[in-house]
Amino acid sequence: GAVRPDIAVFAAGETCRMNEPANKRQRRRIGEKSLLFRSLRKNDLAIFCADDETIKAMAMKSRCSKMTFGYGEGAKVRGRMFSGEGGSGEGTSFKISYRGTIVPFHFSSGGGEREVCAALAAAAAGLHMGFNLVEISEALRR
């Protein structure tokens, strides 16, 4: 039989952007995500990017619990990239805020918006599992 998840994390930036026609691969991914949303029940959790309008539209139709991440005001787990303030400038530095707490994060290997967005999704999952932002920052630093 099929395995049904009780937590689903939807990656950001994989769906088509507004006003751009979706290609066949994008339409298939949108369909897969829609199917996954429909499989989530009331006590299940969807973690998704609040900046992705396509995913948000799917989420609004779902009865599951929702945890959002992203860069915009509507995200529960919100990221902000910044340049190396007082550092050597190597790597990627950013901050994550959640419920009034703001914690700095740093990837020494670099990365960009996509990697930071993945860290935001991981932070949202960690927060749901009971970790705090400092613990998550330390874990992602390793």
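Computed from a prediction, not measured in an experiment: that's the story for all the values here.

Definitions and limits used
Residues numbered from 1 in each chain as written. Predicted model: local features only at pLDDT ≥ 70, side-chain atom pairs only at ≥ 80, totals over all residues. Heavy atoms only, no water. Helix = DSSP H or I, 4+ residues; strand = E, 2+ residues; numbered from the N terminus. Buried < 20%, exposed > 50% of the residue type's maximum accessible area, 1.4 Å probe, protein only. Contact = heavy atoms within 4.5 Å. Axes fitted to C-alpha atoms, helices over the stretch in contact; angles between N-to-C directions. Parallel < 35°, antiparallel > 145°, perpendicular 65-115°, else oblique. Left-handed = near helix turned anticlockwise from the far one by under 90°. Nonpolar A, V, L, I, M, F, W, Y, C, P; charged D, E, K, R; others polar. Salt bridge = Lys/Arg side-chain N within 4 Å of Asp/Glu carboxyl O. Phe/Tyr/Trp six-rings, centres within 6.5 Å; stacked < 30°, edge-to-face > 60°.

Quick word on the environment of Pro-104
Point 1. Turning to its location among the elements, Pro-104 is positioned in strand S6 (residues 101–107).
Point 2. On the basis of relative accessibility, which here comes to 49%, the residue Pro-104 falls in the partly exposed class.
Point 3. Sequence-wise, Pro-104 and Phe-94 are 10 residues apart; in three dimensions their C-alpha atoms are separated by 5.9 Å.
Point 4. If we ignore the near neighbours within four places in the chain, the residues touching Pro-104 are Phe-94, Lys-95 and Ser-137.

Some details on the packing of helix H3 (residues 113–128) against helix H4 (residues 133–141)
Point 1. Packing of H3 against H4 leaves a shortest axis separation of 10 Å and a crossing angle of 135°. Between H3 and H4, the angle falls in the class oblique. Considering how the two elements wind past one another, H3 and H4 form a crossing that is right-handed. Across from Ala-119, Ala-123, Gly-126 and Leu-127 in H3, the residues of H4 making contact are Leu-133, Ile-136 and Leu-140.
Point 2. Of the residues contributing to the contact of H3 with H4, the split by class is 6 nonpolar, 1 polar and no charged.

Considerations on the pattern of salt bridges
Point 1. Scanning all chains against the criterion turns up 3 salt bridges.
Point 2. Glu-53 is paired through a salt bridge with Lys-56; the nearest N and O atoms lie 3.5 Å apart. Highlighted residues: Glu-53 and Lys-56, both in helix H2 (residues 53–60), separated by 3 residues, approximately one helical turn.
Point 3. For Glu-53, a relative accessible area of 41% corresponds to the partly exposed category.
Point 4. Of the charged contacts, one joins Arg-78 and Glu-73 as a salt bridge, the two residues approaching to 3.1 Å between their closest N and O atoms.

Focus on the packing of aromatic side chains
Point 1. A full pass over the atoms with the stated rule returns 4 aromatic pairs.
Point 2. Note on Phe-10 and Phe-37: the rings are 4.2 Å apart at their centroids and 5° apart in plane angle, and the pair reads as stacked. Here Phe-10 is found in the loop between strand S1 (7–9) and helix H1 (24–39), whereas its partner Phe-37 is found in helix H1, with 27 residues between them in sequence. Phe-37 carries the same exposure label as Phe-10, and that label is buried.
Point 3. Ring-pair connections join several aromatic residues into one group, and the members of that group are Phe-10, Phe-37 and Phe-48.

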